Amino acid sequence: MDITRSSPAPMRVVTAPPEAPDLTVLPAAAPLPGPPEAVLPTTVPLPGPPEIVLPAAVPLPGPPEAAAPGPVPPTAARPAAVRGLLRDLLALVRPGQWVKNLAVVPLALLDVRPWHLGAFGQIGWAVLGFTLASALVYVVNDLADRERDRLHPVKRNRPIASGRVSTTAATVLAGLIAASLTCWAVAGPAWHWWPTALYLALSVAYSQGLKHVPLVDAFIVASGFVLRLVQGALLVGGRISEWLALCVFALCLMLALGKRRHEMTAAGRAHRPALRGYTLAFLDHLVVLVAALTAVSYVLYLRDDAALAAGASFVTLLSAPCAVFGLARYLQLLLVEEGGANPVHVLFRDRATLVNATLWAVLVSVALLLSRL
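As the structure is a computational prediction, the values presented were derived from the model and not from experiment.

Student: Tell me what's going on with the nonpolar core, and back it up with residues and numbers.
Tutor: Among the nonpolar cores identified, the biggest contains 39 residues, and Val248, Leu253, Met254, Leu257 and Tyr278 are the most heavily contacted of them. At the level of secondary structure, the elements contributing two or more residues to this core comprise helix H12 (216-236), helix H13 (242-267), helix H14 (280-305), helix H16 (319-336) and helix H18 (351-371). If we ignore the near neighbours within four places in the chain, the residues touching Leu253 are Ala218, Phe219, Ala222 and Val290. Counting residues in each nonpolar core, the second largest holds 13 residues, with Leu92, Val93, Leu136 and Leu173 among its members.

Student: Mind laying out unusual backbone geometry, listing which residues take part and the relevant values?
Tutor: Peptide bonds are mostly trans, and most non-glycine residues show a negative phi. Of note, the phi angle at Arg94 is positive, near 55°, even though the residue is not glycine. Position of Arg94 among the secondary structure elements: in the loop between helix H5 (74-92) and helix H6 (99-104). By relative accessible area, Arg94 is classed as buried at 18%. Even without glycine at this site, Trp191 takes up a positive phi of about 65°. Here Trp191 is to be found in the loop between helix H10 (167-187) and helix H11 (194-208). Under the relative-accessibility criterion, Trp191 is labelled exposed at 63%.

Student: An account of the pattern of salt bridges is requested, with residue identities and associated values reported.
Tutor: Where charged atoms of side chains with opposite charge meet at close range, the side chains can pair. The full count for this structure, using the stated rule, is 12 salt bridges. Between Lys155 and Glu263 there is a salt bridge, with the nearest N and O atoms lying 3.1 Å from each other. With Lys155 in the loop between helix H8 (146-149) and helix H9 (159-162) and Glu263 in helix H13, the pair connects residues that are 108 residues apart, well separated along the chain. Where salt bridges share partners, they join Arg94, Asp142, Asp149 and Arg158 into one cluster.

Student: Could you give me a rundown of the side chain of Asn356, with the residues and numbers involved?
Tutor: Examined against the element boundaries, Asn356 turns out to sit in helix H18. Judged by its relative accessible area of 13%, Asn356 falls in the buried class.

Student: Describe in detail the environment of Trp360, supporting the description with residues and values.
Tutor: Mapped onto the secondary structure, Trp360 falls in helix H18. Residues Trp360 and Gly326, spaced 34 residues apart in sequence, show a C-alpha to C-alpha distance of 9.5 Å. Each residue touching Trp360, except ones within four places of it in the same chain, is listed here: Tyr298, Ser319, Cys322 and Ala323.

Student: Explain the packing of aromatic side chains to me, and be specific about the residues and the numbers.
Tutor: Scanning all chains against the criterion turns up five aromatic pairs. Between the aromatic rings of Trp125 and Trp184, the centroid separation amounts to 6.0 Å while the plane-to-plane angle is 20°, which identifies the pairing as stacked. Of this pair, Trp125 sits in helix H7 (residues 117-144) while Trp184 sits in helix H10, and the two are 59 residues apart along the sequence. Looking at Trp125, the relative accessible area reads 28%, which means it is partly exposed. By relative accessible area, which is 5% here, Trp184 ends up buried. A ring pair is formed by Phe130 and Tyr199, whose centres lie 5.1 Å apart and whose planes are at 55°; its orientation type is tilted. With Phe130 in helix H7 and Tyr199 in helix H11, this pair connects stretches of sequence that are 69 residues apart. Per residue, the accessibility class of Phe130 equals that of Tyr199, and both read buried.

Student: Provide a residue-level description of the packing of H11 against H12, including the pertinent values.
Tutor: As a packed pair, H11 and H12 sit with axes 8 Å apart at the nearest point and diverge in direction by 165°. Relative to H12, the element H11 is oriented roughly antiparallel. Viewed along their axes, H11 and H12 form a crossing whose handedness is left-handed. Side by side, H11 and H12 meet where Trp194, Pro195, Thr196, Leu198, Tyr199, Leu202 and Tyr206 of the first sit next to Asp217, Ile220, Val221, Gly224, Leu227, Arg228, Val230, Gln231 and Leu234 of the second. In terms of residue class, the contact of H11 with H12 is made up of 11 nonpolar, three polar and two charged.

Calculation rules
Along each chain, numbering runs from 1 in the same order as the chain's sequence is written. Two thresholds apply to this predicted model, a pLDDT of at least 70 for residue-level local features and 80 or more for giving and counting side-chain atom pairs, whereas whole-chain, interface and lining totals are computed over all residues. Excluded from the side-chain calculation are hydrogens and water; included are all heavy atoms of the structure. Each nonpolar core is a collection of buried residues, namely Ala, Val, Leu, Ile, Met, Phe, Trp, Tyr and Cys, held together in the definition by side-chain atoms within 4.5 Å. Residue burial is assigned from relative accessible area. The probe radius is 1.4 Å, only protein chains are included, and a residue is buried under 20% of its type maximum, exposed over 50%, and partly exposed in between. The way it works is that DSSP assigns letters per residue, a run of H or I at least four long becomes a helix, a run of E at least two long becomes a strand, and they are numbered from the N terminus. The contact definition used throughout considers only heavy atoms, calling two residues in contact when any of these lie within 4.5 Å. Salt bridge, as used here: a side-chain nitrogen of Lys or Arg that lies within 4 Å of a carboxyl oxygen of Asp or Glu. Only Phe, Tyr and Trp rings take part, Trp by its six-membered ring, and two of them pair if their centres are within 6.5 Å. Stacked means planes under 30 degrees apart, edge-to-face means over 60, and tilted covers everything else. In this analysis an axis means a line fitted to C-alpha atoms, helices contributing only their contacting stretch, and an angle means the value between N-to-C directions, from 0 to 180 degrees. Each angle receives one of four descriptions, namely roughly parallel if under 35 degrees, roughly antiparallel if over 145, roughly perpendicular if within 65 to 115, and oblique otherwise. Two helices that cross are described as forming a left-handed crossing if the nearer one is turned anticlockwise from the farther one by less than a right angle, and a right-handed crossing if clockwise. Ten residues, namely Ala, Val, Leu, Ile, Met, Phe, Trp, Tyr, Cys and Pro, are considered nonpolar, four, namely Asp, Glu, Lys and Arg, are considered charged, and the remaining ones, Gly among them, are considered polar.

Structure (structure tokens):
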């Protein structure tokens with residue numbers, strides 16, 4: 001009897017030994033403990049050549065234009081600052097207002113018989129003198145009124161009131177203009193400069209306190225234009241017409257009162273103490289009254305004092321409706337449209353006024369030419 005065949009269990013033990021472990025699999029599943037030195041070498045970077053790593057970290061020098069922009073040097077901003085200062089100094093003497101001298105001083109030529117080249121040269125000399133005098137007055141007034149001008153919605157933008165021009169620079173400019181005006185008086189005919197001197201004296205009194213007196217302030221402004229007319233007449237040796245002087249005075253008084261009315265409606269009374277002596281109704285009555293006086297004196301000048309021939313007188317009388325229309329248009333701008341603050345702007349920007357002034361100038365020019373034929 002075969003014992004090995006009837007006993008299967010021992011057969012499995014003897015003939016089927018346990019399977020040998022797969023050494024190639026077990027080490028991968030179970031990590032073998034090892035010293036830390038066995039792992040660290042795998043994370044340490046291998047040293048490379050210096051030319052591969054270092055140049056990437058060291059910045060290469062670039063051209064000067066590639067550098068970051070720095071602050072603008074002060075010398076680059078000086079020309080712009082100088083140009084701005086020159087513009088403000090020019091605005092301080094108000095070249096836009098010089099047209100007043102060009103409009104009033106040459107009126108003395110209306111009574112010159114006959115016209116000659118020397119008369120035009122003398123008129124140009126008179127315009128130069130009053131331009132210097134008025135520029136000096138503008139600078140002095142802006143220096144004196146800089147605090148009040150800061151309260152006005154428009155005047156606060158003036159060069160001195162806004163701080164763009166210092167008081168020192170404005171004082172130096174005033175000194176230069178005064179020196180130029182002195183040279184003008186010395187170089188001209190003896191004692192023919194007294195209207196300009198009187199204008200400066202009135203302007204100084206105006207700046208020192210008379211500008212705060214109601215009515216007196218407007219009358220002084222209008223008187224300055226009559227002095228312009230007298231200065232031109234003195235230099236050309238012409239006769240001063242009383243009706244023409246009254247017409248100029250009334251017209252300029254109307255413009256001065258109209259400017260004060262506009263200031264009251266635009267900025268109130270705080271910036272100009274003299275406005276406390278006015279009301280809108282009072283100014284309206286005064287403006288209309290002075291406008292009527294302007295028209296009447298102009299017609300009387302044409303009838304009595306204008307030295308014109310018969311045909312020229314008729315042509316000149318045709319200009320009277322143009323003069324009345326110009327006055328009416330200004331009153332319309334002032335009282336209806338709440339404008340008229342700057343008469344110079346009205347003259348050059350209002351289309352109706354421009355057309356009317358052109359027609360008036362043509363008629364007067366034709367009359368003057370006919371009177372000299």
